[in-house]
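# Survey of secondary and tertiary structure
Chain by chain, the residues run as shown.
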Amino acid sequence: MITQFILLAAGAGTRMRSNMPKVLQPLAGKPLLGHLLHTINNLPFEKSCHLITGHQSERVEAYANDQALSFSVNPIYQAEQLGTGHAVQQALPSLPDEGVSVILYADVPLVSAKTLSRLIEDAKDSLCLLTQVIENPTGYGRIIREKGHAVGIIEEKDATDDQRMIREVNTGMMAVNNAVLKSLLPKLQNNNQQQEYYLTDLIALAHREALPVYTLDVDNPMEAQGVNDKRQLASLERAYQLNFANQLLMQGVTVIDPERFDCRGTMTVGRDVSIDVNCIFEGEVAIGEGVSIASHCVIGSSNHKTVIGDGVEIKPYSIIESGVIEANCVIGPFARIRPNTHLHEKVKVGNFVEVKKSEIHAGAKVNHLTYIGDATIGSNANIGAGTITCNYDGVNKSKTVIGDNAFIGSNSSLVAPVEVKSGAVVGAGSTITRNVEDDQLAIARGKQRNIDNWPKPSKKS
Ligand code: UD1
Ligand code: CA
């Protein structure tokens, strides 16, 4: 039996006050909708997904279609947003008569695969609702119980003062037997404050027809946290990040302050790694063993892969946009490594150095105030302070090749395409426009003149 998922994503998200549809707002670097799609994707059984869209439906559908998923996403357009119940009604013709449908609100993004599995199991022949007891239930639908059984949900706007005191709330998620859904859903009415067809009225309908309503409590509060505005988005972001940092701590990673940690992508981390405060990890980041990352570093970027080898030391305020940093390199402080860079073992890239699309071989040093772009640098070469590879003539990019053990004196410009071969030395302050052969010394700068008895300027009266 194929499990059906119905994702509600048609709402305008007015409270976000944004031109971007709510379900595409990023949480931990990924659209809200993406979290749900990827969680569903991880469930180990066959499924099919119906995506209810309305506001900016093209954008929402395009995003869903762009994801690499093991199941098909069937977009269903809800022309008018007449409520969550009305939204699910749009999916009814697409549902089989047997099996279970799981209804999810795309603005409640962090439900876990485990919770979804339990929800499906507990729906049995009827329905199971995911609920949660929270400190401040404002804004959520409240669960009405009689003799312990859930008999209805009352929305905040329709609730009496007494009902508003109830702290058990509706998370919005439920698993419903398809036959039950097909029989109850057409019976929804819109006689409430908002004149909407509330999905939540399904509970009272089920109760009236003597169908059992099962409930399940969420394990982790953030799984049930909904996002209606930017404050809730920020608060869920912090909950997500704290949870992520705690998982790293449990794995043995030293996260100096789990409240000042952000991962907007995925991370694998080896043993004995230390991460100081205010670092941001983006995209796909793989960190080896014994790596130390000082404060205020940005490691990785979205849609890119970054690999940090064993024993690498990254000093404060460094940015590594992507690439491969092999074992025992030392980066920063204030270094910027741009995409398509490969640093071999024990390379040093120091302060105010930018490296772009370059390969630097083992043991080479680029310690201060330098731009290395479209270059290959040989092993153990030493690049002096203020060296610039002039890779761009305004039209084309050209390559600079520096051989093993070469020494580039400070404040030199290497005008590409150009090659400084193995063991060659470039005198400080040179502008190199022609190749330098193995072991040659190249000096290309104005000759120094020392002048005696020169007319010193005197103060004008
Ligand atoms: C809803 C629940 C509330 C629950 C809360 C949990 C109802 C009536 N209320 O309230 O009990 O505590 O979620 O977060 O269900 N949508 C559509 N089409 C529509 C209306 C909404 O697709 O016609 C989508 C929205 O895009 C959103 C989701 O359904 O993703 C929920 O709608 P929203 O308006 O945010 O409901 P809440 O007021 O949060
Ligand atoms: Ca909501």
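Criteria and cut-off values
- Residues numbered from 1 in each chain as written.
- Chains lettered and ligands numbered in written order.
- Predicted model: local features only at pLDDT ≥ 70, side-chain atom pairs only at ≥ 80, totals over all residues.
- Heavy atoms only, no water.
- Helix = DSSP H or I, 4+ residues; strand = E, 2+ residues; numbered from the N terminus.
- Rg over C-alpha atoms; globule rule 2.2 N^0.38 Å.
- Buried < 20%, exposed > 50% of the residue type's maximum accessible area, 1.4 Å probe, protein only.
- Contact = heavy atoms within 4.5 Å.
- Lys, Arg positive; Asp, Glu negative; His and termini not counted.
- Charge placed at Lys NZ, Arg CZ, Asp CG, Glu CD.
- Domains from an automatic or database assignment.
- Phe/Tyr/Trp six-rings, centres within 6.5 Å; stacked < 30°, edge-to-face > 60°.
- Lys NZ or Arg CZ within 6 Å of the ring centre and 35° of its normal.
- Near = heavy atom within 4 Å.
- Polar contact = N/O pair within 3.5 Å; in protein donor to acceptor, adjacent residues only side chain to side chain.
- Areas by Shrake-Rupley, 256 points an atom, 1.4 Å probe, with all protein chains shown as cover.
- Core = buried A, V, L, I, M, F, W, Y, C linked by side-chain atoms within 4.5 Å.
- Donors = N, O, S within 2.8 Å, 3.2 Å for Na, K, Ca; no water.
- Arc of directions from axis to C-beta.

Once that is clear, we can look at the overall build of the chain. Counting secondary structure elements, the chain contains eight helices and 37 strands. Taking 461 residues into account, the globule formula puts the C-alpha radius of gyration at 23 Å, and the chain, at 31 Å, lies well above it. Taken along the three principal axes of its C-alpha coordinates, the chain extends 105 × 65 × 40 Å. In the chain, which comprises 461 residues, the proportion classed as buried is 49%. A sequence separation of at least 24 residues applies to 42% of the contacts in the chain between residues at least 6 apart. For the chain, the distance from the average site of its 43 positive side-chain charges to the average site of its 50 negative ones is 10 Å.

Size of an interface, as often reported, equals the accessible area lost when the parts are brought together. Its domain assignment divides the chain into domain 1 (3-224) and domain 2 (357-461). Spacing between the C-alpha centres of domain 1 and domain 2 amounts to 63 Å.

This model, assessed by the stated rule, comprises five aromatic pairs. Both rings, one in Y240 and one in F244, keep their centres 6.2 Å apart while their planes meet at 35°; by these two values the pair is tilted. With Y240 and F244 both in helix α8 (residues 230-251) and four residues apart, the pair spans about one turn of that helix. On the accessibility criterion, Y240 (16% relative accessible area) is buried. Ring plane angle 20° and centroid distance 5.9 Å describe the contact between F244 and F261, whose orientation is recorded as stacked. Of this pair, F244 sits in helix α8 while F261 is found in strand β13 (residues 261-269), placing the two residues 17 residues apart along the sequence. Note on accessibility: F244 and F261 belong to one class, buried. Taken together, the ring pairs connect Y240, F244, F261 and F281 into an aromatic cluster. Looking at K47, its charged tip hangs above the ring of F45, at a distance of 5.7 Å from the centre.

Note that E98 resides in the loop between α3 (84-89) and β6 (100-105). When its relative accessible area of 54% is taken as the criterion, E98 is described as exposed. C-alpha of E98 to C-alpha of C279: the two residues are 181 residues apart in sequence and 49 Å apart in space. With residues near it in sequence (within four places) discarded, E98 still touches M1 and N178.

Looking now at the site of ligand 1. Near ligand 1 there are 24 residues, and of these G11, T84, Y105, E155 and N170 occur at the shortest range. Residue E155 places a side-chain N or O atom 2.7 Å away from an oxygen atom belonging to ligand 1. Burial of ligand 1 by the surrounding chains reaches 89%, relative to a free accessible area of 770 Å².

Attention now goes to the nonpolar core. Residues F5, L7, L37, I103 and L181 are the most contacted members of the largest nonpolar core, which totals 65 residues. Excluding its chain neighbours within four sequence positions, the residues that come into contact with L181 are I6, V88, L92, L95, S101, I103, V176, P186 and L202. Residues L27, V269, A381 and I408 belong to the second largest nonpolar core, which totals 62 residues.

Moving on: the coordination of the calcium ion (ligand 2). The coordination sphere of the calcium ion (ligand 2) contains the protein donors D107 (OD) and N228 (OD1), at a distance range of 2.2 to 2.4 Å. You can see D107 sitting in the loop between β6 and α4 (113-123) and its partner N228 sitting in the loop between β11 (213-217) and α8, a full 121 residues away along the chain. Neither D107 nor N228 differs from the other in exposure class; each is buried.

What follows covers the side chain of T115. Along the chain, T115 turns up in helix α4. Side chain to side chain, T115 and E223 meet in a polar contact 2.6 Å long.

Every α-helical turn comprises 3.6 residues, leaving residues that sit three or four positions apart pointing alike. Helix α1 (residues 32-41) sits mainly inside the fold: eight of its ten residues count as buried. Taken residue by residue, α1 has L32, L33, G34, H35, L36, L37, T39 and I40 as its buried positions.

What α4 keeps buried is the set T115, L116, L119, I120 and A123. On an axial view of α4, the arc spanned by its buried residues comes to 135°, and they lie on one face. Opposite the buried face of α4, at more than 90 degrees from it, the exposed residues are K114 and E121. The elements touched by buried residues of α4 are β1 (3-9), α1, β6, β7 (127-133), β10 (168-177) and β11. K124 sits one or two positions beyond α4 and adopts a positive phi of about 45°.

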